[in-house]
Amino acid sequence: MIDSHGRNINYLRISVTDLCNLRCKYCMPEKGIKKTCHDEILRFEEIEEIVKKFVSLGIKKIRITGGEPLVRAGIITLIEKLSKLKGIEEIAMTTNGTLLKKYAKELKEAGLTRVNISLDTLVDEKYRTITKGGILKEVLEGISEAKKVKLTPIKLNVVLIKDFNEDEIMDFIYLTKDEEIDVRFIELMPIGQLKQWSLNRYLSNEIVIKKVPELIQIESRDISSPARHYRLPDGKGNVGLINPISCKFCSNCNRIRLTADGKLKACLHSNNEIYIKGLMRDGKDITEVLYNIVKHKPKEHGLENGEYIEREMTAIGG
Ligand code: SAM
Ligand code: SF4
């Protein structure tokens, strides 16, 4: 469906849980997040109903995220159901990869198309530090398994963090040399209780070009992609730069977000949310509400005017 700013809105991101088995420093507050009671989280039948309605409005692509989507019980069944919906062309997942070794095959068989895996360092000790206890080996094994069952093309999401991983930029880029793996450097966003931590550790991803000037900019296959794309001269995979702050990609934004507790966000950086779960549980018809959300998606975000996201990323899903 075309919104009032001429954009084709065809992509829905669904956070299926705000729980996670890791505690990344920029995402999960030290004391954890306020536990959401089970009944506040969208049930799978509700997610399915919302997706069906969105499909009739032109949504073709879905991304499952979280929290960590693979810690939600029954996730394979949800993917199986969504992948069978007529009109859905792609179901992707963003995951920290720690449980992929166990689930990749089932996910593929259930209809998942591909995965983005978040990984901010290739060094064991640093991984343990940034995730507060995570084990790098599990993620690397998860990546291998995802490759094996062809949840491809695999994209690695690397959040750039000052004084933490700028020395590994070349190592990450090198992964794209011999394999069709995409590495995307994402700028830290000031979100929720960790706003100040992220502002202090923010690093513009222009540093990637400075460190690796041989990268060649290439045309993006997908104009709605928030990334600018590059390649090593003899590289097989792409290197993406995602600058939510220093470079706006609002004019091509094609996405709507559904939070784990049943709220719709038309813009990641806006605090405006529509409580769709409440309307559904009150027995209201949500068709027109969904139409209006898509139609009136904001033209652009106001991050550089000091607006920032108040909710934790775990509830929204990135
Ligand atoms: N647990 C899954 C994972 O880590 O991939 C999915 C959810 S996580 C919230 C989705 C993405 O958001 C991850 O790539 C993560 O690195 C990113 N993210 C979380 N907090 C962020 C922040 N403050 N700034 C930029 N990216 C962030
Ligand atoms: Fe968990 Fe993903 Fe947030 Fe890390 S970024 S704490 S893995 S939800």
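Keep in mind it's a predicted model, so treat the numbers as computed, not measured.

Draft legend 1. Representation of the site of ligand 1 in the model. Residues in close proximity to ligand 1 total 19 residues, the closest being Tyr26, Gly67, Thr95, Ser118 and Met189. A distance of 3.1 Å is found between an oxygen atom of ligand 1 and a side-chain nitrogen or oxygen belonging to tyrosine 26. For ligand 1, an oxygen atom lies 3.4 Å from a polar atom in the side chain of asparagine 157. When ligand 1 sits alone it has 550 Å² of accessible area, and the protein chains cover 94% of it.

Draft legend 2. How the structure looks around unusual backbone geometry. Here the bond from threonine 152 into proline 153 is cis, since omega is 0°, no more than 30 degrees from zero. For proline 153, the position within the fold is in the loop between α5 (136-148) and β5 (155-160). The phi torsion at lysine 132 lies on the positive side, around 55°, for a residue other than glycine. Turning to its location among the elements, lysine 132 is positioned in the loop between α4 (124-130) and α5. By relative accessible area, lysine 132 is classed as partly exposed at 31%. Positive phi is not limited to glycine here, since lysine 150 has a value of about 70°.

Draft legend 3. View of the site of ligand 2. The local shell around ligand 2 holds 8 residues, among which Cys20, Cys24, Cys27, Met28 and Asn96 are the closest. The residue makeup of the shell around ligand 2, split by class, is 5 nonpolar, 3 polar and no charged.

Draft legend 4. Main features of the packing of helix α3 (residues 100-110) against α5. Contact geometry for α3 and α5: axes closest at 8 Å, N-to-C directions at 15°. The angle between α3 and α5 falls in the class roughly parallel. The interaxial crossing formed by α3 with α5 has right-handed handedness. Contacts between α3 and α5 pair Leu100, Lys101 and Ala104 from the former with Glu141, Gly142, Glu145 and Ala146 from the latter.

Draft legend 5. Seen up close, helix α1 (residues 44-56). Its 13 residues give α1 an end-to-end C-alpha distance of 19 Å, which sits within 8% of 18 Å, the value for a rise of 1.5 Å per residue. What α1 keeps buried is the set Phe44, Glu46, Ile47, Glu48, Ile50, Val51, Phe54 and Val55. Glycine 58 sits one or two residues past α1 and shows a positive phi near 110°.

Definitions and limits used
- Residue positions are given per chain, counting from 1 as you read along its sequence in written order.
- As a convention, the first chain written is A and the first ligand written is 1, with the rest following in written order.
- With the structure being a predicted model, the display of local features is reserved for residues of pLDDT at least 70 and the display and counting of side-chain atom pairs for 80 or more, all residues being used for whole-chain, interface and lining totals.
- With hydrogens and water stripped out, all remaining heavy atoms of the structure feed into the side-chain values.
- Note on terminology: near, applied to a residue and a molecule or strand, indicates that one of the residue's heavy atoms is within 4 Å of it.
- A 3.5 Å cut-off defines polar contacts: any pair of N or O atoms within that distance qualifies, except that in protein one atom must be a possible hydrogen donor and the other a possible acceptor, and neighbouring residues in sequence count only when both atoms are side-chain atoms.
- Every accessible area reported is derived by Shrake-Rupley at a probe size of 1.4 Å, with residue values counting cover from the shown protein chains alone.
- In DSSP terms, a helix is any run of H or I states spanning at least four residues, a strand is any run of E spanning at least two, and both are numbered starting from the N terminus.
- Each residue is placed in one exposure class: buried if its accessible area under a 1.4 Å probe, protein chains only, is under 20% of its type's maximum, exposed if it is over 50%, and partly exposed if it falls in between.
- Each residue gets one label: Ala, Val, Leu, Ile, Met, Phe, Trp, Tyr, Cys and Pro are nonpolar, Asp, Glu, Lys and Arg are charged, and the others, such as Gly, are polar.
- Axis definition: a line fit to C-alpha positions, over the contact stretch in the case of helices; interaxial angles, taken between N-to-C directions, run 0 to 180 degrees.
- Roughly parallel covers angles under 35 degrees, roughly antiparallel covers those over 145, roughly perpendicular covers 65 to 115, and oblique covers all other angles.
- Helix crossings fall into two classes, left-handed where the near helix is turned counterclockwise from the far one by less than a right angle and right-handed where it is turned clockwise.
- Any two residues whose heavy atoms approach within 4.5 Å at even a single point are treated as in contact.
- Given the number of residues in a helix, its expected span is that number minus one, multiplied by 1.5 Å.

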